[in-house]
Amino acid sequence: MNYTEIIERFRQQRGYSRLEPRAALFDMDGTLYDSMPHHARAWMEMCREAGFEAEPMDFFMAEGRTGADTIEMLMMRSRGQHATPADVEHFYSIKSANFRSMPPVELMPGAPAVVQACIDAGMATVLVTGSGQTSLIERLSRDYPGAFGLKVSAREVAHGKPAPEPYLKAMEMAGVEPWQAIVVENAPLGVRSGVAAGIFTIGVATGPMPASALAEAGATLVFDSMPACAQAMPQLLRCLK
Ligand code: CA
C-alpha cells in the first residue's frame, strides 16, 4: 500500500474530512534516544536489590508507562501489594540513580532527520514522554536545538500511556486537533496511546520488539528502523498535506 492509500484509509476510518499536519508529537525513550537498553538495565539492577522478580523483556513490554505504573506492576506481582507514593519515590529514585550512573545514552540514529523533516514541513514539534528522567529531558535542547520547547512528561498527566491523556495534553499545548497531528512512537503502549487520541500514529521498531507488535497495537504506519522512517518522512509529509 502506498502512503496516499494508507492516509486515505486512516481518514475514512476516523471520519476526518481532511488531514492537515501542523504538529508532530514525539516519544522520547527508544524514539529520540537509544535509551531503552539503559532503562531495562537500570530497572533490573533496582529489582535485584529490592527482590522483585523481573526480566529485561518486562521493561520493553512496559515501555511508555510512567515509573509509578511500572513500580505498581512490580509490587503487585512480587508482593501482592499496591505501591504507596513512598514506595514509588523510593524505588524510582534508585532506578534513576542507576540510570544516571550508566554511560551516556546515544541519540537514536535517524531521529534528528525525522524531527528536522517535520520542522522543514512547518510543523510544531512536541515531546510526549512517560519518563521523569530529567537527565535526558535536559539534554534535549542541546541534541534537538529549537525542537522541543513544548513538553508533556510524567508529571503533567494523571493517566500515562497507553491512556490517550499524554497525547491529548500535547495537542492542547500545540493548539491542534487530532486530524492536525502525527505521533512518532517505538513501543506498543505508546502506539496505543496515540491511536486512542485519534492521531495518525507512526510506529518505528527500534529495539527487540518486532514491527508486527506495533501494527497489532494499531499503528497507522510502521517502519523497521528510524533511518527508514527518516528516509520516508519528507515524502510522507507531502502526501499528508
Ligand atoms: Ca518509547
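Just so it is clear, the model here is predicted, and its values are computed rather than measured.

Draft legend 1. Main features of the pattern of salt bridges. Counting across every chain of the model gives 7 salt bridges. Note that glutamate 8 and arginine 11 form a salt bridge whose closest N and O atoms lie 2.6 Å from each other. Taken together, the residues glutamate 8 and arginine 11, both in helix α1 (residues 3-14) and 3 residues apart, mark about one turn of the helix. Judged by its relative accessible area of 32%, glutamate 8 is partly exposed.

Draft legend 2. Highlighting helix α6 (residues 111-120). Of all the residues in α6, the buried ones are Ala111, Val114, Val115, Ala117 and Cys118. Looking straight down α6, one finds that the buried residues subtend no more than 155° of arc, so they occupy a single side. Looking at the buried side of α6, the elements it contacts are β1 (23-26), β2 (124-128), β4 (181-185) and α12 (226-240). Looking at the residues trailing α6, positive phi occurs at glycine 122, about 85°.

Draft legend 3. Region of the structure containing the coordination of the calcium ion. Within the protein, the atoms that donate to the calcium ion are Asp27 (OD), Asp29 (O), Glu63 (OE) and Asn186 (OD1), at distances of 2.3 to 2.4 Å. In the primary sequence, the donor residues of the calcium ion line up as D-x1-D-x33-E-x122-N. Of this pair, aspartate 29 sits in the loop between β1 and α2 (36-50) while asparagine 186 sits in the loop between β4 and α10 (188-196), placing them 157 residues apart in sequence. Note on accessibility: aspartate 29 and asparagine 186 belong to one class, buried.

Draft legend 4. Local environment of the layout of surface pockets. Here the largest pocket defines a volume of roughly 230 Å³. Along the wall of the largest pocket there are 13 residues; nearest its centre are Thr66, Gly67, Ala68, Ala154 and Arg155. Sorting the residues of the lining of the largest pocket by element identifies α4 (67-79) and α5 (85-100) as the ones contributing at least two each. A per-element tally of the lining of the largest pocket places α4 first, with 3 residues. Considered class by class, the residues forming the lining of the largest pocket number 6 nonpolar, 5 polar and 2 charged. Quantified by volume, the second largest pocket comes out at close to 150 Å³. Broken down by element, the lining of the second largest pocket gets its largest block of residues, 5 residues, from α1. When the residues that make up the lining of the second largest pocket are grouped by side-chain class, the tally is 5 nonpolar, 3 polar and 2 charged.

Draft legend 5. Summary view of the nonpolar core. The biggest cluster of nonpolar side chains holds 44 residues, and the ones touching the most others in it are Leu32, Ile182, Phe200 and Met233. Contributing elements (two or more residues each) for this core: α1, β1, α6, α7 (134-137), β4, β5 (200-204), β6 (221-223) and α12. The element that contributes the greatest number of residues to this core is α12, accounting for 8 residues. Those residues in contact with isoleucine 182, other than ones at most four positions away along the chain, are Ala23, Ala24, Leu25, Cys118, Met123, Ile199, Phe200, Ile202, Met233, Leu237 and Leu240.

Draft legend 6. Up close: the sheet that holds β5. If you walk across this open sheet you meet the 6 strands as β3-β2-β1-β4-β5-β6, and the pairing is parallel. Single-partner strands in this sheet number two, and they are β3 (150-152) and β6. Between one strand axis and the next, the sheet turns by 20° as a mean value, whatever way the strands run. Relative to β5, β4 runs parallel, the two being bridged by 4 bridges. Each residue of the ladder has a partner; that of glutamate 185, found in β5, is glycine 203. Relative to β1, α6 is tilted by about 160°, and along the sheet it contacts β1, β2 and β4. Running over the sheet, α12 touches β4, β5 and β6 and is turned about 160° from β5.

Draft legend 7. Quick look at α5. Here α5 is 16 residues long and its end C-alpha atoms lie 22 Å apart, about the 22 Å a rise of 1.5 Å per residue gives. Among the structural elements, α2, α4 and α7 are those in contact with the buried residues of α5.

About the criteria used
- Residues numbered from 1 in each chain as written.
- Predicted model: local features only at pLDDT ≥ 70, side-chain atom pairs only at ≥ 80, totals over all residues.
- Heavy atoms only, no water.
- Salt bridge = Lys/Arg side-chain N within 4 Å of Asp/Glu carboxyl O.
- Helix = DSSP H or I, 4+ residues; strand = E, 2+ residues; numbered from the N terminus.
- Buried < 20%, exposed > 50% of the residue type's maximum accessible area, 1.4 Å probe, protein only.
- Arc of directions from axis to C-beta.
- Contact = heavy atoms within 4.5 Å.
- Donors = N, O, S within 2.8 Å, 3.2 Å for Na, K, Ca; no water.
- 1 Å grid on protein atoms, 1.4 Å probe; cavity = no way out; pocket = protein on both sides within 12 Å on 5 of 7 lines; lining within 4 Å.
- Points joined across faces, edges and corners; volume = space filled by probe spheres on them.
- Nonpolar A, V, L, I, M, F, W, Y, C, P; charged D, E, K, R; others polar.
- Core = buried A, V, L, I, M, F, W, Y, C linked by side-chain atoms within 4.5 Å.
- Pairing = 2+ DSSP bridges.
- Axes fitted to C-alpha atoms, helices over the stretch in contact; angles between N-to-C directions.
- Expected span 1.5 Å × (residues − 1).

Geometric values such as these leave the question of function open.
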